[in-house]
Amino acid sequence: MSLLPFMKRKDITTSGENPEITAFLQDYSIEVMPRTAEKVDDFKDYLPTGTRVYIAHIDGTPIDDMVATAKRLADDGYRVMPHFPARIIADRAELADWIARYQGEAGVDQALLLAGGVAQPKGDFHSSMQLMETGLFGDFKRLHVAGHPEGNRDIDKDGSDHNVMEALRWKQRFSETTSADMALATQFAFEAKPMIAWADALRDAGITIPIHIGIAGPAKLQTLIKFAIACGVGPSLKVLQKRAMDVTKLLLPYEPTDVLTELAAHKAAHPDFNITNVHFFPLGGIKTNANWAIQNGGSNATPANLTKENQ
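Below, the discussion takes up the side chain of Gln-172. Mapped onto the secondary structure, Gln-172 falls in helix α6 (residues 162–175). Within the structure, Gln-172 has its side chain in polar contact with the side chain of Glu-176 (distance 2.9 Å). For Gln-172, the side chain forms a polar contact with the main-chain nitrogen of Thr-208, separated by 2.9 Å. Setting aside residues no more than four positions away along its own chain, Gln-172 makes contact with Gly-206, Ile-207, Thr-208 and Ile-209.

Even without being a glycine, Asp-27 presents a positive backbone phi close to 60 degrees. The residue Asp-27 is located in the loop between α1 (19–24) and β1 (29–32) in this model. Taking the relative accessible area as the measure of exposure, Asp-27 reaches 10% and is therefore buried.

Let's shift gears to the pairing of strand β4 (residues 110–114). Among the five residues in β4, five count as buried, and that is most of the element. In β4, alternate side chains face the same way, and those of Gln-110, Leu-112 and Leu-114 on one face and Ala-111 and Leu-113 on the other are all buried. This β-α-β element, strand β3 (residues 79–85) to helix α4 (residues 92–106) to β4, shows right-handed connectivity. The sheet contact formed by β4 and strand β5 (residues 142–147) spans four bridges and is parallel. Across the sheet, the residue bridging to Leu-112 is His-144, located in β5.

Taken as a class, soluble globular proteins show a tendency for nonpolar side chains to be buried jointly. In this structure, Phe-84, Phe-137, Leu-263 and Phe-280 are the most contacted members of the largest nonpolar core, which totals 80 residues. With six residues, helix α7 (residues 192–204) is the single largest residue contributor to this core. Residue contacts for Phe-280: discarding those within four places in its chain leaves Leu-25, Tyr-28, Ser-29, Ile-30, Glu-31, Ile-215, Gly-217, Pro-256, Leu-260, Asn-289, Trp-292 and Ala-293. Residues Tyr-54, Met-81, Leu-112 and Ala-185 belong to the second largest nonpolar core, which totals five residues.

In this model α7 runs 18 Å from its N-terminal to its C-terminal C-alpha over 13 residues, within 8% of the 18 Å that 1.5 Å per residue would give. Where α7 is concerned, the buried positions are Ala-192, Met-195, Ile-196, Trp-198, Ala-199 and Leu-202. Mapping the buried residues of α7 onto a view down its axis gives an arc of 165 degrees, with all of them on the same face. For α7, the exposed residues lying more than 90 degrees away from the buried face are Lys-193 and Asp-204. At its buried positions, α7 is contacted by β5, α6, β6 (181–188), β7 (211–216), α10 (257–269) and β8 (275–281).

Considering all chains together, one arrives at 11 salt bridges under this definition. Here Lys-44 and Asp-42 are joined by a salt bridge, their closest N and O atoms 3.4 Å apart. Of the charged contacts, one joins Arg-101 and Asp-64 as a salt bridge, the two residues approaching to 2.6 Å between their closest N and O atoms. With a gap of 37 residues between them, Arg-101 in helix α4 and Asp-64 in helix α3 (residues 63–75) connect regions that are remote in the sequence. Here Asp-64 falls in the partly exposed class, since its relative accessible area comes to 46%.

This part covers helix α11 (residues 286–295). Extensive coverage of α11 is indicated by the burial of eight of its 10 residues. For α11, the complete set of buried residues consists of Ile-286, Asn-289, Ala-290, Asn-291, Trp-292, Ala-293, Ile-294 and Gln-295. Count one or two residues on from α11 and you reach Gly-297, which has phi positive near 100 degrees.

Let's shift gears to the packing of α7 against α10. Closest axis-to-axis distance for the α7/α10 pair is 9 Å, and the angle between their directions is 40 degrees. Judged by the twist between their axes, the crossing of α7 over α10 is right-handed. Residues Ala-192, Lys-193, Met-195 and Ile-196 of α7 lie in contact with α10, whose contacting residues are Val-259, Glu-262, Leu-263 and His-266.

The next thing to look at is the pairing of β6. Where burial is concerned, most of β6 is hidden: six out of the eight residues are buried. Summarising the sheet, β6 and β7 pair through three bridges and their orientation is parallel. Within the sheet, the bridge partner assigned to Leu-184 lies in β7 and is Ile-211. Crossover connection from β6 via α7 to parallel β7: handedness right-handed.

Each value, and the rule that gives it
- Residue indices follow the written sequence of each chain, beginning from 1 at its first position.
- In view of the model being predicted, local features appear only for residues whose pLDDT reaches at least 70, and side-chain atom pairs are presented and counted only at 80 or more, with totals across whole chains, interfaces and linings using the full set of residues.
- To obtain the side-chain values, all non-hydrogen atoms of the structure were used and water was disregarded.
- Every helix listed is a DSSP run of H or I at least four residues long, and every strand listed is a run of E at least two residues long, numbered separately from the N terminus.
- Polar contacts here mean pairs of N or O atoms no more than 3.5 Å apart (in protein, one a potential hydrogen donor and the other a potential acceptor; neighbouring residues in sequence count only if both atoms are side-chain atoms).
- Here, residues are in contact when the closest pair of their heavy atoms is within 4.5 Å.
- Think of it in three bands: residues with accessible area under 20% of the maximum for their type are buried, residues over 50% are exposed, and the middle band is partly exposed, with areas taken using a 1.4 Å probe on protein chains only.
- Orient the strands so they point away from the viewer, and a crossover whose first-strand-to-second-strand path over the helix runs clockwise is right-handed.
- When DSSP finds two or more bridges between two strands, those strands count as paired.
- The set of buried Ala, Val, Leu, Ile, Met, Phe, Trp, Tyr and Cys residues whose side-chain atoms join them within 4.5 Å is what this entry labels a nonpolar core.
- Here, expected helix span is obtained from the residue count minus one, scaled by 1.5 Å.
- Note that the arc is defined by the directions from the helix axis to the C-beta atoms.
- Between Lys or Arg on one side and Asp or Glu on the other, a salt bridge is scored when a side-chain nitrogen of the former is within 4 Å of a carboxyl oxygen of the latter.
- Simply put, an axis is a line fit to the C-alpha atoms, just over the touching stretch for a helix, and the angle between two N-to-C directions goes from 0 to 180 degrees.
- Left-handed describes a crossing whose near helix is turned anticlockwise from the far helix by less than a right angle; the clockwise case is right-handed.

Written out as structure tokens, the structure is:
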């Protein structure tokens, strides 16, 4: 499937070529940053109303910019989920201030809690668990935490999954006591079979938090390889490396069709599969990713039609 030329959402007709992918893409989410959001004149031209939009908080981004982006998206009818990276938050007072601003100015009641990408904490927090322990998110309706289908060398430097699994067991226990709906939002990867095996292993270990699987959106191959290396993508990086060695595909943009086809087929065959949603990382641009999602059947409920499970 060729990449769509630039067009606005209202000009796109959904192809629906693969009904399994169409079903799998329902209620997908996407990630933006303040600086990338500024390049979009009107999100309603590209994202269905009610789409969950994560706002990535990169170290150095002013909280003013984060809150302004959250307000803009919320005013346009999107479910806004800002990142709270523990290692860039100074202390409980700053965390409380951020929460108050998001709630007061943008009506935010969802958050992604994660350790963050900086090596050394800048303040009192170093993990998402510490953020949850503050109790400051007590009136949030939804809390997401990070998942790592290919492990995380920052957490388990020996290549095992010991520390990651201990953290997930803690988060599972927390999910059973909080009133907030929870999910694991994962790093992106490029192979379906390891994702499926990882998700099944979590369920076997008693981790039943639903999984929103990270998928890299359409992008130039060189761009994807750069981001994949920077983000610590593991063994599935070989999918891109193999593609780079094929001269017939080297200059063609990557699209996530293959990995989503396999995941969607597995979901159709196993309805209780614990990967429930797709979360897009728009590495080739928000507009390109949004157009691809819609062309492949992706849509989202409007806020009035949301059930508790997908709010």
